[in-house]
Amino acid sequence: SLILSVLARSLSLSLSLRSSVTVLTFTVCVCAIMAMSDLSTPKTTSPFLPSSSQLRLSSKLHLSNQFRHLHLLPPPLHTTSISKISCSVSQNNQAPVAVQENGSVKTKKECYGVFCLTYDLKAEEETKSWKKMINIAVSGAAGMISNHLLFKLASGSVFGPDQPIALKLLGSERSIQALEGVAMELEDSLFPLLREVDIGTDPYEVFQDVDWALLIGAKPRGPGMERAALLDINGQIFAEQGKALNAVASPNVKVLVVGNPCNTNALICLKNAPNIPAKNFHALTRLDENRAKCQLALKAGVFYDKVSNMTIWGNHSTTQVPDFLNARINGRPVKEVITDHKWLEEGFTESVQKRGGLLIQKWGRSSAASTAVSIVDAIKSLVTPTPEGDWFSTGVYTNGNPYGIAEDLVFSMPCRSKGDGDYELVKDVEIDDYLRNRIAKSEAELLAEKKCVAHLTGDGIAFCDLGPVDTMLPGEV
């Protein structure tokens, strides 16, 4: 009776005044009544509606998520097929509107602030020669690494000065306000190439049509946490993100996994995305390569741009193998330039592995800026042609590798690219007994990690025996 009474009064008032304001008022009433009706059903557990301050938030995606938790909007389309008319609040505070098409709810694209505007890139002299816009997803987008990375992406220093981009920022429920702060800073930075910013907590929404997925977000290792437990916890995150990428991302999306343990997380992700080529998945080992170049340059007394052909083999752990056998300094083999071979075999590898720990001692926190730089380097290595005779390191799928490394792993190896986002493994590398023995240790560790996450990769029941030695890199605890 209450519903009918409010409807009657609103309709009477609308007919008498016949004004657009009254029609909007009537629409609001209808939406409010629908919401009240929905909240009154036994299925609803939320005891309150959002406050007015919540409704004024800039991010429509945030509003969408808040209303969804209150049962005012349907769950994401990947979790339900129920057709339902819903009310949404637009960013310019117009009256709520109900949208329905072909029996299913259709929502407007979720975006942030000025990035909700539409642009014609061919309408202006400056933009009409630009490339087609690409979509880049970043998970853990409110974290320290992303705080350095996002502004490099938006500036054009990664994909080029004629490549417009859209950033899709994925965070957790507790980081949504921080994501809004990130979006505000991106607004205020006035990057011409940054045309859209979306924020959200659902990978099925954020990963829609993305061309690149930079998966940084992962649970940090807490005090007393075993590596096996971290593999399981973070593995579940990357299994879900792999499924989301498989469902909604571009079919040829390039995926770079940064969250640790990144090699095995990348394997989990690709196993849960069977529609995406396994070759498109990478684990970040570029920071290790950069650190190795730095140590060789210091020892040789040259600037590090003179160091080339540097390879990191294996896992992103203390079993990683910085390869001095194939590396070059000024085009010469490292062993000819650095004659202290004992340092190369002992001190060099250790200095690369412990660089992160030393940084923590000096800086009081783990690397973020240098990690962001290495992500940029990793991407640029795929989108720009590799210099003649050189190569770069990245963790990739081992199937078909020419080095005799076990298949069905994600293993850091030397690669070259033509600049099209793809790569090929380098075949003309030397592997002596010393190098092969070191590579075998990292291979064995990754095989053991793979057994720990068999329940997440579709390989049966998990069995975890990583041994007594903890190989987690400094800074990951």
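You'll find the structure just up there.
Bear in mind the structure is a predicted one, so any value in this text is a computation, not a measurement. (Residues numbered from 1 in each chain as written. Predicted model: local features only at pLDDT ≥ 70, side-chain atom pairs only at ≥ 80, totals over all residues. Heavy atoms only, no water.)

K.L.:
I'm lost on the overall build of the chain in this one. Help?
P.N.:
Tallying secondary structure elements over the chain gives 16 helices and 18 strands in all. Out of the 477 residues belonging to the chain, those deemed buried represent 49%. Sequence-distant contacts in the chain: of pairs separated by 6 or more residues, those separated by 24 or more amount to 70%. Accessible surface computed for the chain: about 23200 Å², of which carbon and sulfur atoms make up 55%. (Helix = DSSP H or I, 4+ residues; strand = E, 2+ residues; numbered from the N terminus. Buried < 20%, exposed > 50% of the residue type's maximum accessible area, 1.4 Å probe, protein only. Contact = heavy atoms within 4.5 Å. Areas by Shrake-Rupley, 256 points an atom, 1.4 Å probe, with all protein chains shown as cover.)

K.L.:
Is there a simple way to explain unusual backbone geometry in this structure?
P.N.:
Generally, phi is negative for residues other than glycine and the peptide bonds are trans, each holding for most cases. At the junction of Asn260 and Pro261, the peptide bond is cis and its omega measures out at -5° in the coordinates. Looking at where Pro261 falls in the secondary structure, it is placed in the loop between strand S9 (254–257) and helix H9 (262–271). Its identity is not glycine, yet Leu190 carries a phi of approximately 55°, on the positive side. Residue position: Leu190 is located in the loop between helix H6 (176–188) and strand S7 (194–200).

K.L.:
For this particular structure, what's the right way to read the packing of helix H10 (residues 286–300) against helix H12 (residues 341–353)?
P.N.:
A pair of packed helices can be characterised by two numbers: the angle between their axes and the separation between those axes. One can describe the packing of H10 onto H12 by two numbers: an axis separation of 9 Å at closest approach and a directional angle of 130°. When the axes of H10 and H12 are compared, the pair comes out oblique. Crossing of H10 against H12: the hand is right-handed. For the pair H10 and H12, contact is made by Asp288, Arg291, Ala292, Gln295, Leu296 and Lys299 and by Trp343, Leu344, Phe348, Ser351 and Val352, respectively. For the contact of H10 with H12, the residue count by class is 6 nonpolar, 2 polar and 3 charged. (Axes fitted to C-alpha atoms, helices over the stretch in contact; angles between N-to-C directions. Parallel < 35°, antiparallel > 145°, perpendicular 65-115°, else oblique. Left-handed = near helix turned anticlockwise from the far one by under 90°. Nonpolar A, V, L, I, M, F, W, Y, C, P; charged D, E, K, R; others polar.)

K.L.:
Quick question: what am I supposed to make of the state of the cysteines here?
P.N.:
By definition, a disulfide links the sulfur atoms of two cysteines through a covalent bond. Across all of its chains, the model carries 2 disulfides by this definition. Put simply, Cys111 and Cys116 are joined by a disulfide, and their sulfur atoms are 2.1 Å apart. Here the disulfide of Cys111 and Cys116 is right-handed, its torsion about the S-S bond being about 115°. The side chain of Cys452 participates in a disulfide bridge whose partner is Cys464; the two sulfur atoms lie 1.9 Å from each other. Here Cys452 and Cys464 share a disulfide; its torsion about the S-S bond, 80°, makes the bridge right-handed. Taken together, the residues Cys452 in helix H15 (residues 433–452) and Cys464 in the segment after helix H16 (454–457) connect sequence positions 12 residues apart. Judged by its relative accessible area of 37%, Cys464 falls in the partly exposed class. (Disulfide = S-S within 2.5 Å.)

K.L.:
I would appreciate a short explanation of the sheet that holds strand S11 (residues 307–308) in the present structure.
P.N.:
Within a beta sheet, neighbouring strands are joined by backbone hydrogen bonds and run either parallel or antiparallel to one another. Pairing is antiparallel in the open sheet, where 3 strands are placed in the order S11-S14-S15. Bordering the open sheet on either side are S11 and strand S15 (332–333), each of which pairs with just one other strand. Two strands pair when backbone bridges link them, and strand S14 (residues 328–329) and S15 are joined in this way by 2 bridges, in the antiparallel orientation. Its bridge partner lying in S15, Ile329 is registered against Arg332. (Pairing = 2+ DSSP bridges.)

K.L.:
What's the story with the nonpolar core in this structure? I'm lost.
P.N.:
The nonpolar side chains of a soluble globular protein tend to be buried, and buried together. By size, the foremost hydrophobic cluster in this structure holds 57 residues, and its most contacted members are Ile136, Leu153, Leu167, Leu169, Leu186, Trp313 and Ile375. Listed in part, the 27 residues of the second largest apolar core include Val206, Val248, Val255 and Tyr397. (Core = buried A, V, L, I, M, F, W, Y, C linked by side-chain atoms within 4.5 Å.)

K.L.:
I'm lost on the environment of Leu194 in this one. Help?
P.N.:
As for its position among the elements, Leu194 is in strand S7. Between the alpha carbons of Leu194 and Ala154 there is a distance of 5.4 Å; along the sequence they are 40 residues apart. Residues in contact with Leu194, not counting those within four places in the same chain, are Phe115, Ala154, Ile165, Leu167 and Leu186.

K.L.:
It is not clear to me how the pattern of salt bridges should be interpreted in this structure. Could you clarify?
P.N.:
Between side chains of opposite charge, a pair can form as their charged atoms come close. By the definition in use, this model includes 12 salt bridges. Glu289 serves as the salt-bridge partner of Lys293, at 3.2 Å between the closest nitrogen and oxygen. Here Lys293 and its partner Glu289 are both found in helix H10, 4 residues apart, which amounts to about one turn of the helix. Residue classification places Lys293 among the buried positions, given a relative accessible area of 15%. With relative accessibility at 0%, the residue Glu289 sits in the buried group. (Salt bridge = Lys/Arg side-chain N within 4 Å of Asp/Glu carboxyl O.)

K.L.:
How should I be thinking about the environment of Asp470 in this particular structure?
P.N.:
As for its placement among the helices and strands, Asp470 is situated in the segment after H16. Along the chain, Asp470 and Glu226 lie 244 residues apart, while their C-alpha atoms are 8.7 Å from each other.

K.L.:
Would you mind showing me how to read a nonpolar patch on the surface here?
P.N.:
Together, Val114, Leu117 and Tyr119 give the surface a local cluster of nonpolar side chains, amounting to about 270 Å² of exposed area. As for its position among the elements, Tyr119 is in the loop between strand S4 (104–105) and strand S5 (134–139). Judged by relative accessible area, which is 38%, Tyr119 ranks as partly exposed. (Patch = residues over 30% accessible without salt bridge, like charges linked within 9 Å, V, L, I, M, F, W, Y side chains within 5 Å.)

K.L.:
Is there a simple way to explain the pairing of S5 in this structure?
P.N.:
If a strand is regular, its side chains alternate between the two faces of the sheet. For S5, the tally of buried residues reaches 6 of 6 residues, placing the bulk of the element in the interior. Pairing geometry for S5 and strand S8 (residues 212–215), over 4 bridges, is parallel. Note that in S8 the partner of Ala137 across the bridge is Ala213.

K.L.:
Honestly, the pairing of S9 in this entry has me stumped. Any pointers?
P.N.:
Burial along S9 is two-sided: Lys254 and Leu256 facing one way and Val255 and Val257 facing the other are all buried. Direction of pairing for S8 relative to S9: parallel, over a ladder of 4 bridges. Across the sheet, Leu215 pairs through a bridge with Val257, a residue of S9. Between S8 and its parallel partner S9, the chain crosses via helix H8 (residues 227–248), and the hand of that crossover is right-handed. Pairing of S9 with strand S10 (residues 281–283), which is carried by 3 bridges, proceeds in the parallel orientation. Counted as the bridge partner of Leu256 is His282 from S10. The handedness of the S9 to S10 crossover, carried by H9, is right-handed. (Right-handed = clockwise from strand over helix to strand, strands pointing away.)

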